Amino acid sequence: MDEEELITHRLNQEVEMLSVNKLTELGNKAIELKLIAGHGYRGGQYEILQSGKALLMSPDEAQKYFEELIQSAEKTD
């Protein structure tokens, strides 16, 4: 791997880590608001436990789902 590829690889890892951190933060907030029971990665998908069901989706879909769920809950407060 040359230097440019190494830098690109490291940047991609950092972006991925920021995305994982954001998803974890949103999931934890949804738990605090009692909107879901749990969340985490499972078999390459993101699992959300809600109302006795396990929802599986991509990390991008999960982030959007959390953002909409939290925003909706905050509007009703």
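My aim in this report is to walk through the structure given alongside it, one point at a time. These numbers were taken from a predicted model, which means no experiment stands behind them.

**With respect to the nonpolar core**
Line of reasoning, step 1. Within the largest apolar cluster, 11 residues are counted, these being Leu-23, Leu-26, Ala-30, Ile-36, Tyr-46, Ile-48, Met-57, Ala-62, Phe-66, Leu-69 and Ile-70.
Line of reasoning, step 2. The set of elements that each furnish at least two residues to this core consists of α1 (3-32), β2 (45-50) and α2 (59-76).
Line of reasoning, step 3. Top element by residues in this core is α2. It accounts for four residues.

**Observations regarding the pattern of salt bridges**
Side chains that differ in charge, positive against negative, can pair when their charged atoms come close.
Line of reasoning, step 1. On inspection of all chains with the given rule, the structure shows two salt bridges.
Line of reasoning, step 2. The closest approach of N and O atoms between Lys-29 and Glu-74, which form a salt bridge, is 2.9 Å. Taken together, the residues Lys-29 in helix α1 and Glu-74 in helix α2 connect sequence positions 45 residues apart.
Line of reasoning, step 3. A relative accessible area of 34% means that Lys-29 is categorised as partly exposed.
Line of reasoning, step 4. One salt bridge in this structure joins Glu-47 and Arg-42, with 3.1 Å as the shortest N-O distance.
Line of reasoning, step 5. Glu-47 sits in the buried class, given a relative accessible area of 14%.

The rules we used
Residues numbered from 1 in each chain as written. Predicted model: local features only at pLDDT ≥ 70, side-chain atom pairs only at ≥ 80, totals over all residues. Heavy atoms only, no water. Core = buried A, V, L, I, M, F, W, Y, C linked by side-chain atoms within 4.5 Å. Buried < 20%, exposed > 50% of the residue type's maximum accessible area, 1.4 Å probe, protein only. Helix = DSSP H or I, 4+ residues; strand = E, 2+ residues; numbered from the N terminus. Salt bridge = Lys/Arg side-chain N within 4 Å of Asp/Glu carboxyl O.

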